[in-house]
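Chain and residue survey
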Amino acid sequence: MADLSLEFCGIKFKSPIVIASIETTNSPEVIRECVDAGAAGMIIKTLTDIEDMARLTQNSKYAILNEKNELIKGKVNKNFVFYSRSGYSSTGFREWIPYLKELNAYANDHGSHLIGSAGGKTVQSWVDICKTIEDCGLPMVELNFGCPHPAMMPGVHGGSMIGQDPDVAAEVTARVCEAVDIPVVIKLTPDQSRVMDIARAVRDAGAAAVTATNRYTGFSVDIETGQPRLGGPAGIGGVWAKPLSLRWVHRIYNELGMPITGSNGIYDHKDVVEFIMTGAHLVQVGSVLMLKGIKHLPSIISGLSDFMDQHGYKDIESMVGIASRAAVKDYGDQFKKPRMHSEINVDTCKNPTCTICIQTCFYDALAQGEDGHVKALSDNCIGCEMCTQTCPFDSTSMHTTTDEQRGEKTYFQIPDEVFEFGKFEKNFDRGIKLSKVR
Ligand SMILES: Cc1cc2nc3c(=O)[nH]c(=O)nc-3n(C[C@H](O)[C@H](O)[C@H](O)COP(=O)(O)O)c2cc1C
Ligand code: SF4
Ligand code: SF4
């Protein structure tokens with residue numbers, strides 16, 4: 001059986017699956033349930049001294065939408081959109097002290113960890129909260145520089161406001177790192193274009209790892225009433241956001257090489273695997289547990305274990321970052337790959353009843369043949385792979401184009417000089433043939 005255990009920032013975890021800082025970890029009882037359900041760690045809902053952020057949680061609103069932008073009534077599936085407004089822990093951080101100690105001991109007895117999360121009013125408060133977390137014996141703390149809500153709370157400065165400012169992010173990180181010995185993890189906001197600048201700044205300021213990422217800010221409309229859902233902007237996430245989070249996991253893994261915990265878009269073990277293959281070591285499970293209950297957690301853990309057994313991965317490390325390491329550096333690398341073209345399997349193809357691929361090929365490379373079969377015009381085919389995905393009968397496949405197969409006249413006849421600086425205008429006329437513009 002695959003070994004799910006791993007080391008992250010010097011701490012041993014029994015699996016990569018930890019519970020994100022969220023409503024689930026806002027209560028000692030539910031934290032215990034997470035331990036019992038097999039979580040490798042639980043990140044407590046952000047501990048704070050900002051009263052308004054605690055009050056915000058006591059006034060939380062949630063709208064769970066389906067792929068049609070309708071409120072979900074009943075069963076939640078993988079297409080859910082979680083639109084919500086809530087704050088930090090609804091209980092002040094000092095009142096948590098006895099519970100932190102007790103819950104950490106309970107977690108340790110089960111081979112799990114209680115992990116801190118902080119969101120302070122001033123730089124000194126960040127330090128005080130993190131010191132408290134360390135003094136209670138918690139082995140790691142996450143600084144919440146990703147929460148979208150402080151930006152909409154008058155008089156509050158925190159969360160994604162800090163996470164968009166490299167100087168402030170670095171200052172808070174440095175002050176906390178000077179004050180505590182436990183590893184400090186920075187939870188990043190994706191609500192910006194400067195994610196790499198922030199990651200670099202907090203790494204240089206002493207952060208041991210980053211969490212990529214917290215959620216986005218959104219705006220959603222109930223078109224029946226013409227009213228904004230939840231009264232106005234709110235946080236938004238769901239599995240749809242996963243590729244957007246993975247983009248940052250990928251870049252941080254490849255460019256900074258620092259330890260990463262993945263968040264924003266986990267529903268099942270397949271999402272966990274995707275985060276790990278992109279470069280995360282730990283993976284945080286958040287809103288899906290609010291919607292499906294803690295009972296959903298064991299299926300994610302066992303699903304990961306089964307997947308690893310079936311695919312021959314003996315441990316987590318053997319999966320970490322494999323996709324990011326295989327990725328091209330840029331599109332220049334992409335062009336160096338061998339040219340491909342599509343071929344049709346006439347034995348399984350349902351043409352002329354079906355013409356889907358002809359309609360979806362944007363390059364006139366598939367046509368209705370007179371013999372009742374789809375005709376592939378390989379000279380026109382650019383190998384975009386669209387037809388392999390739109391064919392409902394798996395009757396198209398991609399093949400490497402040999403020099404013999406490659407005709408003189410291909411769809412894009414782009415002379416090499418077109419890409420040479422300064423020659424673009426000169427070459428434009430004899431450059432790209434666009435026969436079909438929709
Ligand atoms: C209702 C709700 C409350 C949240 N509260 C916090 C919080 O207090 N601190 C924090 O760092 N992240 C918070 N988050 C963000 C989650 O920890 C997590 O990063 C995010 O939900 C994306 O992961 P998911 O797709 O698994 O839900 C919250 C998210 C939701 C939906
Ligand atoms: S691979 Fe793209 S260009 Fe080629 S036939 Fe299929 S859809 Fe057309
Ligand atoms: S979509 Fe598939 S089945 Fe339909 S015409 Fe194209 S190859 Fe044949």
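This is a predicted model, so every value here is computed, not measured. (Residues numbered from 1 in each chain as written. Chains lettered and ligands numbered in written order. Predicted model: local features only at pLDDT ≥ 70, side-chain atom pairs only at ≥ 80, totals over all residues.)

1. A look at the site of ligand 2
Contacts to ligand 2 come from S342, C361, Y363, A365, L366, C381, I382, G383, C384, E385, M386 and C387. Taken together, the residues of the shell around ligand 2 break down into 9 nonpolar, 2 polar and 1 charged. (Near = placed C-beta within 6 Å. Nonpolar A, V, L, I, M, F, W, Y, C, P; charged D, E, K, R; others polar.)

2. Describing the domain arrangement of the protein chain
Examined at the domain level, the protein chain breaks down into domain 1 (6-326) and domain 2 (335-428). One C-alpha centre belongs to domain 1, the other to domain 2; they are set 43 Å apart. (Domains from an automatic or database assignment.)

3. Thoughts on the site of ligand 1
Every one of the 25 residues lining ligand 1 counts as a neighbour, but A20, S21, T46, G286 and S287 are closest to it. Counting residues per element, the ones that place at least two in the shell around ligand 1 are β7 (81-85) and α9 (287-292). (Helix = DSSP H or I, 4+ residues; strand = E, 2+ residues; numbered from the N terminus.)

4. A short note on the packing of helix α4 (residues 123-135) against helix α5 (residues 166-179)
Between α4 and α5, whose axes approach to 9 Å, the crossing angle comes to 35 degrees. Once α4 is placed against α5, the crossing between them reads as right-handed. Between α4 and α5, the contacting residues are V123, W126, V127, C130 and K131 on the first element and E171, V172, R175, V176 and A179 on the second. Tallied by class, residues from the contact of α4 with α5 come to 7 nonpolar, no polar and 3 charged. (Axes fitted to C-alpha atoms, helices over the stretch in contact; angles between N-to-C directions. Left-handed = near helix turned anticlockwise from the far one by under 90°. Contact = placed C-beta atoms within 7 Å.)

5. Topic: the environment of G10
Turning to its location among the elements, G10 is positioned in the loop between β1 (6-8) and β2 (11-13). C-alpha of G10 to C-alpha of M140: the two residues are 130 residues apart in sequence and 9.9 Å apart in space.

6. Quick look at unusual backbone geometry
For the bond running from A212 to T213, omega is 0 degrees, close enough to zero to count as cis. By secondary structure assignment, the location of T213 is in the loop between β11 (209-212) and β12 (216-218). Along the chain, N351 connects to P352 via a cis peptide bond; the corresponding omega equals 15 degrees. One non-glycine residue with positive phi stands out, namely L230, at about 55 degrees. Of note, L230 is situated in the loop between β14 (227-228) and β15 (234-238). Positive phi values are uncommon outside glycine, yet E385 reaches one of about 80 degrees. Take E385: it is sitting in the loop between β20 (374-376) and α14 (386-390).

7. Observations regarding the pairing of β11
Side-chain alternation along β11 places A209 and T211 on one buried face and V210 and A212 on a second face that is also buried. Of the pairings in the sheet, the one linking strand β10 (residues 184-187) to β11 comprises 3 bridges and is parallel in character. For K187, the partnering residue across the bridge sits in β11 and is T211. The β-α-β motif built from β10, the intervening helix α6 (residues 195-204) and the parallel element β11 has right-handed crossover chirality. (Buried ≥ 20, exposed ≤ 12 C-beta atoms within 10 Å, placed from the backbone. Pairing = 2+ DSSP bridges. Right-handed = clockwise from strand over helix to strand, strands pointing away.)

8. Things to note about α5
Its 14 residues place the ends of α5 20 Å apart at the C-alpha level, agreeing with the 20 Å of an ideal helix rising 1.5 Å per residue. Within α5, burial applies to A169, A170, V172, T173, V176 and C177. The arc that holds the buried residues of α5, viewed along the axis, is 165 degrees, so those residues lie on one side. Residues D167 and E178 are exposed on α5 and point more than 90 degrees away from its buried face. (Expected span 1.5 Å × (residues − 1). Arc of directions from axis to C-beta.)

9. Quick look at the packing of helix α8 (residues 269-278) against helix α10 (residues 297-311)
Relative orientation and spacing of two packed helices are given, respectively, by the angle between their axes and the distance between those axes. Interaxial distance between α8 and α10 falls to 8 Å at its minimum, and their mutual angle equals 60 degrees. One way to sum up the angle between α8 and α10 is to call them oblique. Between α8 and α10 lies a crossing whose hand is right-handed. Note on element contacts: α10 touches α8 through I300, G303, L304 and F307, opposite H269, V272 and V273. Split into classes, the residues belonging to the contact of α8 with α10 amount to 5 nonpolar, 2 polar and no charged. (Parallel < 35°, antiparallel > 145°, perpendicular 65-115°, else oblique.)

10. Points about the confidence of the model for the protein chain
With 92% of its residues at a pLDDT of 70 or more, the protein chain has an overall mean of 93. Every residue in residues 426-438 scores below 50 in pLDDT, and together they form 12 contacts with partners more than four places removed in sequence or on other chains. (pLDDT = per-residue confidence, 0-100.)

11. Considering the environment of I322
Tracing the backbone through its elements, the reader meets I322 in helix α11 (residues 322-326). Remark: the alpha-carbon pair of I322 and G10, spanning 312 residues in sequence, is separated by 22 Å.

12. Regarding the sheet that holds β12
Taken in spatial order, the 4 strands line up as β6-β7-β15-β12 in an open sheet, and their pairing is antiparallel. The open sheet is flanked by β6 (61-65) and β12, the only strands paired with a single partner. Here the average twist between neighbouring strands, direction ignored, is 35 degrees. Bridge count between β12 and β15: 3 bridges; the pairing is antiparallel. Each residue of the ladder has a partner; that of T217, found in β15, is G235.

13. Brief notes about the environment of K101
Relative to the helices and strands, K101 is located in helix α3 (residues 97-109). Residues K101 and I133 lie 32 residues apart in sequence; the distance between their C-alpha atoms is 9.1 Å. Residues in contact with K101, not counting those within four places in the same chain, are C136 and G137.

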